[in-house]
Structure formats: structure tokens, C-alpha cells
Amino acid sequence: MALDIFSMGPPDMNRIRLMVEPSKKPTSPLKALVPSKTKLTTIETRRIMSVLDETIHKVQLVTLLSYVTSNKEDLEGMLGKDIAKAMREHKDLCQVLLDRVSYLQAEESRAQEEEEFEDEAWFRDHLLSLEQQKSHLPPLMQQIKESTKDILRLLLSNPQAAGLLLQMQTPGRSAGAQTFIDSLIELRGFLFEKLLTSPMEARDKAQFIQDVTKQNRNNQEAIDALEEELAARTKDRNAEVEKENSVIQELKSQLHQVLKFSENSLHRSKREAEKQQRADFRASQARVAKIQQEILKLQSQFHNLVVENREAEQALRKKKYKVETEIENWIQKYDSEMGEKQEEYEELDIIHKEEKAQLDELKQRHDMLAEEFAQIREEREINSKKRAEDEQELMRMVRAATLIQAVWKGYLVRSMLKSKKKKRGKGKAKGKEKGKGEKGKGKKAAKGKK
């Protein structure tokens, strides 16, 4: 209703007291923010607060008018005849306003749809009439405002009715109205605290806020330095992650080559299933088209027979009933066949899902076998490298042993030859000495004979 224009919720006076009463024992860091006074001492400040409290109270009453007008039968006895009468008049005015606004909105939307006729005279007359009807809305809205003021005066003159009305503020007020009243209560708290604060306390508060701002600036500089350090470390970490990602990409490419065969088989089976599904769908469509053609043909025959011979209407109705029964039989037959096809399709779908689950399991096994195969291949490569190194070491040792044996044999041969040469030299020297001795003895013997 139009009363929702003024629907904004009432304040809770207990909440007001809680918000405006300063803490009696403030903590030491925030002592500068708490005013030293607890009560208003000047007449001007008290008048300001009384005006604001009266405004909140009036807003509480105004925001409940929508609820009261919608439940006037239950509340008419409690509020009194004058207030109930004013409520009824106010509701009637709001209903008239809503009807006119909805009518104008509908006409404007229709005019927007008919913009192509904007050059026509009737279209311009229609727009002019809409403008005239719009011009009647402000007086009606002024009447609603005056009616609201009258209701508010009656409620303020009857405190008992106003009290009863405020008791239903929780269920009878909209969320937007409650938010507005909460804002007014919060404004009252801020204003009360401002009126309690002296100029000296205001300066202290400003100085305290300046110190806090300076400390916050220093903390922000430290945070910026830490963020720069974090960005540098994050950059290093990202570089390491990129390296690891490149390694992972290589491994993925290798894995993709391994999985390519399984994917090809999966695509092949999927294409075959889709081909079978399309064939079944085409067959069902052909049956449906055939049955629909038969239905159209029978309906056209029925219409022609009705036009040609009115006297045979009863017989044609019987024939029509017969044809319709046949059609229903065809439809039932079609439904049964389609149900069987649907069951067959569901069975194929279940089999497909089972095969897909088996394929996933085979993929997992294949991945495990691929990892094991990679490990075994790495172990074989390591063993082959180690075997080749052992063979090279063995060949090197064999060549070394052969070389050592050849050197040793050469040394033995040379030593044997040297020993033989020495023995031959000693034998010749002894033979020469013996020959000389025999010659000397012969000469001595010859001299003795002489």
C-alpha cells in the first residue's frame, strides 16, 4: 500500500539508553574519546534531544499505520472511533493512489509498446490524457500527507492508544522502516555524545585521533615493507613453481601418449553408442510422424463428413468415437513401444555407466602399471649402465693384466738371456787358462829332456 511510503520502524528506548550512556569505567587508551559529563546541563541541548526523541516517537507511530489499516477489525475497539475512522479514510486515499499509479504504469507500458504510432493524433491525445492524470497525483499525495498528520495528532492526543499501537511494533513494521528507526537511534546517540563533549575534550579527542592516525601510518609503512618482502619471496616461489610445472608438463605429455590408445578406444565405443541412439531416435520420430499423419487424415475426413451431411451427424459421431478409440489404441501402443524403448535405453545407459566405471578402474590400473613400468625401466637403465661400467672395468683390468704379464715375461726372458751369456763367458775363460797351463808344462818337460 501507499502507507509503506511512511513505514519506518519505531525506536527502542532501552536501546537508546544503552547507546547514549557513557561507560563509567573506560579503558585508559580510549579515555580521551569518552566525555566527562553524563547529563545535559544546558536548556538548548535538552531541547535538541527532546525534539529528536519526539521525532523518533512520531516515526514509530507513522510506520505502524500500514499494519493498523490492514488489521483494523482487530484494533478498532482498542484505538477508538475517531482514530478508526481516520484510519479508514487514510486507507481509502492510499488505495485510490495505488490504483491510479498502477493504471498509469500499465498505460505507459502500453504506450511504449505502441511508439510506432507516435505520429497519430489518437496516440498524442492518449499521451496528453496520461499527463493530465499524472497531474492529479500530487494533490492526492498531499491529501494522504494531511491524513497522516491528522492520524498522528489523534494518536498523540490519546497516549493509551499510542501505547497499544507501539506494543505491536515488532510484527507490524517492515524491515526498511526498522532500519530507518535504528539509524535515528544511532543518530541520537552520536548527537547526545556530541552535546556532552566540551571544546577541551574535543581538542583532546582530535589530538588522540591524530596520534592514532600517525601510528597507523607507521604501521602501514611497516606493512608495505613486509608486503614487498612477501612479494619478492612469492616471486621466487613462483619461479620454483614454474620449474616444477614444466617438469609436470613433461610428465603429463608422456602420460598423454600412454593414455592416447585408451582414449581412442573410448571414443570409438562412444561413437558407436551415439550412432545406435540416433538410429533409434530417427525410427521413433518416423513412427510418431506416421501416427500424426493418420490422426490428421482422420480428423479431416470427420470434418468433411460433418459439413456435407448434417442429417447423418449421429452416425458420424459413432464413427468419430470409433476412430478416436482407434487413435487411443494407437497412442497406447505407441506409449507402450516408447516405454519399452525407454526401458531399453535405460538398460543401455546402465550398461554404459558400468562400462565407464570399469574403464575408469582400468585407467587407474593402467596409471599404476605405467608408474611401475617407468620405475622398472629406470632400474633396468641403471643396471645396464652399471653392467656396462663393470664390463669396461673388467676389460681395462684384463688389458692391464695382459700388459703386466707381457712385461714380466719379457723381463724373465731378458734375465735368462743375461744369465746364459754370463755362463758362456766363464766357460771360455777357463778353457783358455787350461790351454796355457798345458803348453807351459810341455815346455818344461822338453827342457828337462834336454
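Rules of the game
- Residues numbered from 1 in each chain as written.
- Predicted model: local features only at pLDDT ≥ 70, side-chain atom pairs only at ≥ 80, totals over all residues.
- Heavy atoms only, no water.
- Helix = DSSP H or I, 4+ residues; strand = E, 2+ residues; numbered from the N terminus.
- Buried < 20%, exposed > 50% of the residue type's maximum accessible area, 1.4 Å probe, protein only.
- Contact = heavy atoms within 4.5 Å.
- Areas by Shrake-Rupley, 256 points an atom, 1.4 Å probe, with all protein chains shown as cover.
- Salt bridge = Lys/Arg side-chain N within 4 Å of Asp/Glu carboxyl O.
- Patch = residues over 30% accessible without salt bridge, like charges linked within 9 Å, V, L, I, M, F, W, Y side chains within 5 Å.
- Lys, Arg positive; Asp, Glu negative; His and termini not counted.
- Charge placed at Lys NZ, Arg CZ, Asp CG, Glu CD.
- Core = buried A, V, L, I, M, F, W, Y, C linked by side-chain atoms within 4.5 Å.
- Expected span 1.5 Å × (residues − 1).
- Polar contact = N/O pair within 3.5 Å; in protein donor to acceptor, adjacent residues only side chain to side chain.
- pLDDT = per-residue confidence, 0-100.
- 1 Å grid on protein atoms, 1.4 Å probe; cavity = no way out; pocket = protein on both sides within 12 Å on 5 of 7 lines; lining within 4 Å.
- Points joined across faces, edges and corners; volume = space filled by probe spheres on them.
- Nonpolar A, V, L, I, M, F, W, Y, C, P; charged D, E, K, R; others polar.

Colleague: How would you explain the overall build of the protein if you had to name every residue and give the values?
Modeller: Helix and strand content of the protein: twelve helices and zero strands. The linear arrangement of helices and strands in the protein, starting from the amino end, is α-α-α-α-α-α-α-α-α-α-α-α. Expressed as a percentage of the 450 residues in the protein, the buried residues total 16%. For the protein, the share of sequence-separated contacts (at least 6 apart) that also reach a separation of at least 24 residues comes to 82%. With an accessible surface of roughly 35700 Å², the protein has 55% of that area assigned to carbon and sulfur atoms.

Colleague: Before we move on, could you go through the pattern of salt bridges and cite the residues and values that matter?
Modeller: Proximity of charged atoms lets side chains of opposite charge pair with each other. As enumerated under the stated definition, the model contains seven salt bridges in all. Residues D349 and K353 are paired through a salt bridge, measuring 3.9 Å at the closest nitrogen-oxygen approach. With D349 and K353 both in helix 12 (residues 313-449) and four residues apart, the pair spans about one turn of that helix. Its salt-bridge partner being E393, residue R396 comes within 2.3 Å of it at the nearest N-O pair.

Colleague: Can you tell me about a negative patch on the surface, naming the residues and giving the values?
Modeller: The grouping of E221, D224, E227 and E228 at the surface amounts to a negative patch. Along the chain, D224 turns up in helix 11 (residues 199-308). For D224, a relative accessible area of 33% puts it in the partly exposed group.

Colleague: Describe in detail the nonpolar core, supporting the description with residues and values.
Modeller: General note: in soluble globular proteins, nonpolar side chains tend to be found buried as a group. One finds L61, V62, L64, L65, I83, A86, M87, I151, L152, L155 and L166 forming the largest nonpolar core, which totals eleven residues. Mapped by element, the contributors of at least two residues to this core are helix 2 (43-62), helix 5 (81-113) and helix 7 (137-157). If you look at the next biggest cluster of nonpolar residues, it comprises seven residues, including C94, L104, L130 and I144.

Colleague: Please give an account of helix 5 that cites residues and values.
Modeller: For helix 5, built from 33 residues, the straight-helix expectation of 48 Å at 1.5 Å per residue is met to within 8% by its first-to-last C-alpha distance of 48 Å. Within helix 5, the full set of buried residues consists of I83, A84, A86, M87, H90, C94, L97, L104, E107 and A111.

Colleague: Let's hear about the side chain of S284: which residues, and what values?
Modeller: In this fold, S284 is placed in helix 11. At a separation of 2.7 Å, a polar atom in the side chain of S284 contacts the main-chain carbonyl oxygen of F281.

Colleague: Can you lay out a positive patch on the surface for me, pointing to particular residues and giving the numbers?
Modeller: Where like charges cluster on the molecular surface, the positive patch consists of R414, K418, K420, K421, K422, K423 and R424. If you trace the backbone, K420 turns up in helix 12. With relative accessibility at 46%, the residue K420 sits in the partly exposed group.

Colleague: So what's going on with the confidence of the model for the protein? Which residues, and what values?
Modeller: Across the protein, pLDDT averages 76, with 76% of residues at or above 70. Ranking the helices and strands of the protein by mean pLDDT puts helix 11 first, with 84, and helix 1 (residues 13-20) last, with 39. Note that residues 1-27 has pLDDT below 50 and, in this model, 63 contacts with residues that lie over four places away or in other chains. Contacts of residues 445-450 to residues separated by more than four positions or lying in other chains number zero contacts, the stretch itself having pLDDT below 50.

Colleague: With reference to specific residues and values, describe the layout of surface pockets.
Modeller: One number sums up the size of the largest pocket: a volume of about 980 Å³. Forming the boundary of the largest pocket are 29 residues, of which A273, Q277, Y345, L348 and D349 lie nearest the centre. Of all the elements, helix 12 adds the most residues to the lining of the largest pocket, at 15 residues. The class makeup of the residues in the lining of the largest pocket is nine nonpolar, eight polar and twelve charged. The volume enclosed by the second largest pocket comes to roughly 420 Å³. In terms of lining, the second largest pocket is formed by L251, Q254, L255, V258, D367, A370, E371, F373, A374, R377, E378 and E381. Elements with a contribution of two residues or more to the lining of the second largest pocket: helix 11 and helix 12. A per-element tally of the lining of the second largest pocket places helix 12 first, with eight residues. For the lining of the second largest pocket, the class distribution of residues is six nonpolar, one polar and five charged.

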